[in-house]
Amino acid sequence: MPFSTGATGATGATGATGATGATGAAGPGGRAFSPGISLGVTIARDGIIGPWAGCNREVTAAPPNWPENMAQWPVWARGYVIQTDLLSRMAFADRPEQATDDNLPHFAVLHLTERASGNPLAGYDCSALASFRRPDTTDFSTRQLDLINVYAELRLDRAPEVLNQTGFPAHFHGVIAGLHPVRTRYTLELMEMAQLFATGIAQRVKHALACKRPDMYSTQIQPMIPMPGHGTLPSGHATEAFTVARVLALLIDDRPDGAKLKQGFQDQIMHQAERIAVNRTIAGVHFPVDSIAGAMLGLTLGEYFIARAGGLGGPDGAGGFTKTIAEQVRPAQFDGRRVGDTDFHMIDLFSEGERTSLKSVLDADLITLPDAAIKVDRDCVSAPLQWLWRRAKEEWPDRRGSDM
């Protein structure tokens, strides 16, 4: 798991994302280390410890699974705990029972609910959080491929963006939110947790669907950056960008009308996610349909991530937290079998702060949002993630209810 936070101290999560990336090397107040310092400390100890006295400090044991214990842990260690917690209630499954005559893969990302609370041995009930049917090869090799050729005309214009977005393009979200490695360190850490979560899920879906990259269909694609070696659908960049955008939008500006403010925070950060996704098609490494599937998955995972963090509860102004819990997550279904030359436009998938269904240019149901929502029970809330969510929420006391 590629945490950028290793031994970087409190600000390590921002190494690749903050405006002051130079601080990621050590963090303010961090302890330096070198072989020479190690030798010096050893010599100094010999000179000062005196006669051995055994235990001479009082230690109070923390309660098991105590969320506040996270404050004592380094960022990278918290990250492993949170990712493990999130994945502990998820599963992945082929759906052969729903196969059709076309034999195209059908794959689902599942949320697990214990049949008896607190007793994993009792088994789980499964709910499909997101499901995917692979497009037909002919759609990739004709209509979608033609779209990439048209997008290639923008390569020189978009080159600075494309080249700076080959990894996690977190800085492109950060400049909109005004993130800073000291002032918003927990928000940056939360953003990285959302990115890593989205990456893992997207890679698992890619493996199941096994869709080939554009350069496998034409020698004239000639992508402007190295072609990733893994599958193409869903787009990992689209999944990550929209997961992070949804999480940040609801973290920083969670008013019901927040998304309606033109050029406001939610509007800008969603358009940034769209641009990150489109840049991958311009670069020649993704089909537009990859971004459609990735954006659908990312928006769904963003809301699921928040539900697993305990919902939208934040500071209540009196030293506590509001009790609002976002327990309902609406699932999403992607069916690419008649995608045709449908292009990717964010407004087709997300409008006025809500996810929407989508029909392809061939009038097929490309994205469907079933009416029945998935209930994320309180025992599915990750206490370590909830701790981080609350710390991040505290960093935005002036944004709740403001005019942005």
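Being a predicted model, the structure only gives us computed values, none of them experimental.

Trainee: So what exactly am I meant to see when it comes to the overall build of the chain here?
Mentor: For the chain, the helix and strand inventory stands at eleven helices and ten strands. By residue count, 50% of the 404 residues in the chain fall in the buried class. Across the chain, contacts joining residues at least 24 apart in sequence account for 76% of those joining residues at least 6 apart. Just so you have it, the chain exposes about 19,000 Å², and 54% of that area is on carbon and sulfur atoms.

Trainee: Any chance you could explain the pattern of salt bridges here in plain terms?
Mentor: Under the counting rule described, the total for this entry stands at 13 salt bridges. Note that arginine 143 and aspartate 139 form a salt bridge whose closest N and O atoms lie 3.2 Å from each other. Residue arginine 143 and its partner aspartate 139 are located together in helix α3 (residues 137–151), separated by four residues, close to a single helical turn. According to the relative accessible area criterion, arginine 143 is partly exposed, its value standing at 39%.

Trainee: Sorry, what's going on with the side chain of serine 291 here?
Mentor: Its place among the elements puts serine 291 in helix α9 (residues 288–308). In contact with serine 291, other than residues within four places in its own chain, are Ser235, Ala238, Ala277, Thr281 and Phe344.

Trainee: Would you explain the sheet that holds strand β8 (residues 358–359) in this entry?
Mentor: The strands that make up a sheet are held in pairs by hydrogen bonds between backbone atoms, and each pair lies either parallel or antiparallel. Spatially, β1-β2-β3-β5-β9-β8 is the arrangement adopted by the six strands of the open sheet, whose pairing is mixed. Of all strands in the sheet, those bounded by a partner on one side alone are β1 (90–94) and β8. The pairing of β1 with strand β2 (residues 106–114) spans five bridges and is classified as antiparallel. The partner of alanine 91 across the bridge, within β2, is leucine 110. Helix α6 (residues 185–209) rests against β1, β2 and β3 (124–133) of the sheet, and its axis sits at about 135 degrees to β2.

Trainee: I keep staring at the packing of helix α7 (residues 236–252) against helix α8 (residues 265–282) and nothing clicks. Help me out?
Mentor: Axes are the key here: two packed helices are described by the angle between their axes and the distance separating the axes. Put simply, α7 and α8 touch, their axes get as near as 9 Å, and they point 175 degrees apart. As the angle between them shows, α7 and α8 are arranged roughly antiparallel. On the side of α7, the interface is formed by His237, Ala238, Ala241, Phe242, Ala245, Arg246, Leu248, Ala249 and Ile252, while α8 contributes Phe265, Gln266, Ile269, Met270, Ala273, Glu274, Ile276, Ala277 and Arg280.

Trainee: Sorry, what's going on with the nonpolar core here?
Mentor: Note on soluble globular proteins: their nonpolar side chains tend to be buried together. Membership of the largest hydrophobic core comes to 87 residues, with the highest contact counts inside it found for Phe132, Leu190, Phe305 and Phe334. Counting residues per element, this core draws most heavily on α6, at 14 residues. Leaving out residues up to four positions away in the same chain, leucine 190 has contacts with Val247, Leu251, Phe305, Leu385, Leu388, Trp389 and Ala392.

Trainee: Looking at this structure, how should I read the packing of aromatic side chains?
Mentor: The relation between two aromatic rings is expressed through the spacing of the ring centres and the mutual angle of the planes. What the rule picks out here adds up to ten aromatic pairs. Pairing phenylalanine 140 with tyrosine 217 gives two aromatic rings, centres 6.2 Å apart and planes at 35 degrees, and the pair type is tilted. Here phenylalanine 140 is found in helix α3, whereas its partner tyrosine 217 is found in the loop between α6 and α7, with 77 residues between them in sequence. For tyrosine 217, a relative accessible area of 25% gives the class partly exposed. Between phenylalanine 197 and phenylalanine 305, the ring centres sit 6.1 Å apart and the planes meet at 40 degrees, which makes this aromatic pair tilted. Taken as a pair, phenylalanine 197 in helix α6 and phenylalanine 305 in helix α9 lie far apart in primary sequence, 108 residues in all.

Trainee: Help me out: how do you make sense of the confidence of the model for the chain in this one?
Mentor: In regions of low pLDDT, the predicted coordinates are not meant to be interpreted in detail. Residues with a pLDDT of 70 or more make up 81% of the chain, whose mean pLDDT is 84. Averaged pLDDT values over the elements of the chain bottom out at 85 in strand β4 (residues 328–329) and peak at 97 in α9.

Trainee: For this particular structure, what's the right way to read α7?
Mentor: Residue pairs three or four apart in sequence face the same way in an α-helix, which turns once every 3.6 residues. With 17 residues, α7 should cover 24 Å at 1.5 Å per step; its first-to-last C-alpha distance of 24 Å lies within 8% of that length. Of all 17 residues in α7, 17 are buried; the element is thus mostly enclosed. Where α7 begins, one side-chain oxygen reaches toward the backbone nitrogen of histidine 237, 3.4 Å away; that side chain belongs to serine 235.

Trainee: So what exactly am I meant to see when it comes to the side chain of serine 360 here?
Mentor: Its location among the elements puts serine 360 in the loop between β8 and β9 (365–368). A polar atom in the side chain of serine 360 sits 2.8 Å from the backbone oxygen of arginine 338. Those residues in contact with serine 360 that sit more than four places away from it in its chain are Arg338, Val339, Thr342 and Leu366.

Trainee: What is the right way to look at the environment of methionine 90 in this model?
Mentor: Relative to the elements of secondary structure, methionine 90 occurs in strand β1. Measuring from C-alpha to C-alpha, the distance between methionine 90 and histidine 111 comes to 4.8 Å, with 21 residues separating the pair along the chain. If near-sequence neighbours (up to four positions away) are discounted, methionine 90 is found in contact with Val109, Leu110, Leu112, Leu129, Phe197, Ile201, Tyr304 and Arg308.

Trainee: What should I look at first to understand the packing of α7 against helix α11 (residues 383–394) in this one?
Mentor: Orientation of α7 relative to α11, taken along the N-to-C sense of each, is 60 degrees, at an axis distance of 9 Å. Between α7 and α11, the angle falls in the class oblique. Of the two possible hands of crossing, α7 and α11 adopt the one that is right-handed. Between α7 and α11, the contacting residues are Val247, Leu250 and Leu251 on the first element and Trp389, Ala392 and Lys393 on the second. In the contact of α7 with α11, the residues fall into five nonpolar, no polar and one charged.

Trainee: How should I be thinking about the pairing of β9 in this particular structure?
Mentor: As a general feature of sheets, a regular strand has side chains that alternate between the two faces. Two elements, strand β5 (residues 332–335) and β9, share two bridges in a ladder whose sense is antiparallel. Pairing of glutamine 333 across the sheet is with threonine 368, part of β9. The pairing of β8 with β9 spans two bridges and is antiparallel. Residue pairing in the sheet places leucine 358 in a bridge with isoleucine 367 of β9. The loop that links β8 with its antiparallel partner β9 comprises five residues; one of these, aspartate 363, has a positive phi angle of about 65 degrees.

Reading the values: the criteria
Every chain is numbered on its own, with residues counted from 1 as its sequence reads. Residue-level local features of this predicted model are given only where pLDDT is at least 70; pairs of side-chain atoms are given and counted only at 80 or more, and the full residue set underlies all totals for whole chains, interfaces and linings. Note: side-chain values were computed over all heavy atoms of the structure, leaving out hydrogens and water. Only runs of H or I of at least four residues qualify as helices and only runs of E of at least two qualify as strands under DSSP, and these elements are numbered from the N terminus. For every residue, the accessible area (1.4 Å probe, protein chains only) is compared with the maximum for its type, and the residue is labelled buried under 20%, exposed over 50%, or partly exposed between those bounds. Whether two residues touch is decided by their heavy atoms; if any such pair falls within 4.5 Å, the residues are in contact. What sets the accessible areas is the Shrake-Rupley method with a 1.4 Å probe; for residues, cover comes only from the shown protein chains. For this analysis, a salt bridge means a side-chain nitrogen from Lys or Arg found within 4 Å of a carboxyl oxygen belonging to Asp or Glu. When DSSP finds two or more bridges between a pair of strands, those strands are recorded as paired. Each axis is a line fitted through C-alpha atoms, and for a helix only the stretch in contact is used; angles between axes span 0 to 180 degrees, taken between their N-to-C directions. Angle categories are assigned with fixed cut-offs, so that under 35 degrees is roughly parallel, over 145 is roughly antiparallel, 65 to 115 is roughly perpendicular, and the rest are oblique. The criterion is simple. A nonpolar core is a set of buried Ala, Val, Leu, Ile, Met, Phe, Trp, Tyr and Cys residues joined through side-chain atoms within 4.5 Å. For Phe, Tyr and Trp, where Trp contributes only its six-membered ring, two rings pair if their centres lie within 6.5 Å, and the inter-plane angle classes them as stacked under 30 degrees, edge-to-face over 60, or tilted in between. Known as pLDDT, the predictor's per-residue confidence is scaled from 0 to 100. Each helix should span, by expectation, one fewer than its residue count multiplied by 1.5 Å. Any N or O atom pair separated by 3.5 Å or less is treated as a polar contact, with the protein-specific requirement of one donor-capable and one acceptor-capable atom, and with residues adjacent in sequence counted only for side-chain atom pairs. It is the rotation of the near helix from the far one that decides the hand of a crossing: anticlockwise by less than a right angle makes it left-handed, clockwise makes it right-handed. Classification convention: Asp, Glu, Lys, Arg as charged; Ala, Val, Leu, Ile, Met, Phe, Trp, Tyr, Cys, Pro as nonpolar; all other residues, Gly among them, as polar.

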